[in-house]
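# Observations on the model geometry
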Amino acid sequence: GPEGLGTFKETYIAVIERTRAETGAAIVLHTPNAICSSTGEPRLSHLSAYRDAILAISAKTCVPCIDHYAEWAANEESGSMHHWLADGFHPNEYG
């Protein structure tokens, strides 16, 4: 939930820093996919805040980020997103 956002950011940055320090791995961040508005609370109200946090972390750490959330959310109104999700949350074979 929203109360965990600060810890999420700190932990995410620590993982990036540790990965950089200990490996030569390429790092790419990605935001979660959007979820159907019909799924309701509790995830719906704070998912975009976590997406924004990931984008901010990407900018702060100079790590590229794929913004799945934006693409999926842009397709909710057309109905496409509903076909991409198995249960309103998790991508299926089309998502």
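Right, let's walk through the structure included here. (Residues numbered from 1 in each chain as written. Predicted model: local features only at pLDDT ≥ 70, side-chain atom pairs only at ≥ 80, totals over all residues. Heavy atoms only, no water.)

The full count for this structure, using the stated rule, is three aromatic pairs. Ring geometry for phenylalanine 8 and tyrosine 12: centres 5.4 Å apart, planes at 85°, overall edge-to-face. Taken as a pair, phenylalanine 8 and tyrosine 12 lie in helix H1 (residues 5–22) at a separation of four residues, close to a single helical turn. Pairing phenylalanine 8 with tyrosine 50 gives two aromatic rings, centres 4.9 Å apart and planes at 75°, and the pair type is edge-to-face. Here tyrosine 50 lies in helix H2 (residues 43–61) and phenylalanine 8 lies in helix H1, a separation of 42 residues in the sequence. (Phe/Tyr/Trp six-rings, centres within 6.5 Å; stacked < 30°, edge-to-face > 60°. Helix = DSSP H or I, 4+ residues; strand = E, 2+ residues; numbered from the N terminus.)

Note on placement: threonine 31 falls in the loop between strand S1 (29–30) and H2. What makes threonine 31 buried here is its relative accessible area of 0%. Engagement of the side chain of threonine 31 in a polar contact is seen with the side chain of aspartate 67, the distance being 2.9 Å. Among the polar contacts listed, one links the side chain of threonine 31 to the backbone nitrogen of tyrosine 69, at a separation of 3.0 Å. (Buried < 20%, exposed > 50% of the residue type's maximum accessible area, 1.4 Å probe, protein only. Polar contact = N/O pair within 3.5 Å; in protein donor to acceptor, adjacent residues only side chain to side chain.)

So, on to the pattern of salt bridges. Enumeration over the complete set of coordinates arrives at three salt bridges. Residue glutamate 22 is joined to arginine 18 by a salt bridge in which the shortest nitrogen-to-oxygen separation is 3.2 Å. Placement of both glutamate 22 and arginine 18 in helix H1 is noted, with a separation of four residues, approximately one turn of the helix. Judged by its relative accessible area of 56%, glutamate 22 is exposed. Residue aspartate 67 is joined to arginine 51 by a salt bridge in which the shortest nitrogen-to-oxygen separation is 2.4 Å. In this pair, aspartate 67 sits in the loop between strand S2 (65–66) and helix H3 (68–74) while arginine 51 sits in helix H2, placing the two residues 16 residues apart along the sequence. Judged by relative accessible area, which is 23%, aspartate 67 ranks as partly exposed. Looking at arginine 51, the relative accessible area reads 18%, which means it is buried. Residues joined by salt bridges that share partners form a network here, namely Arg51, Asp52 and Asp67. (Salt bridge = Lys/Arg side-chain N within 4 Å of Asp/Glu carboxyl O.)

None of this, on its own, says anything about what the molecule does.
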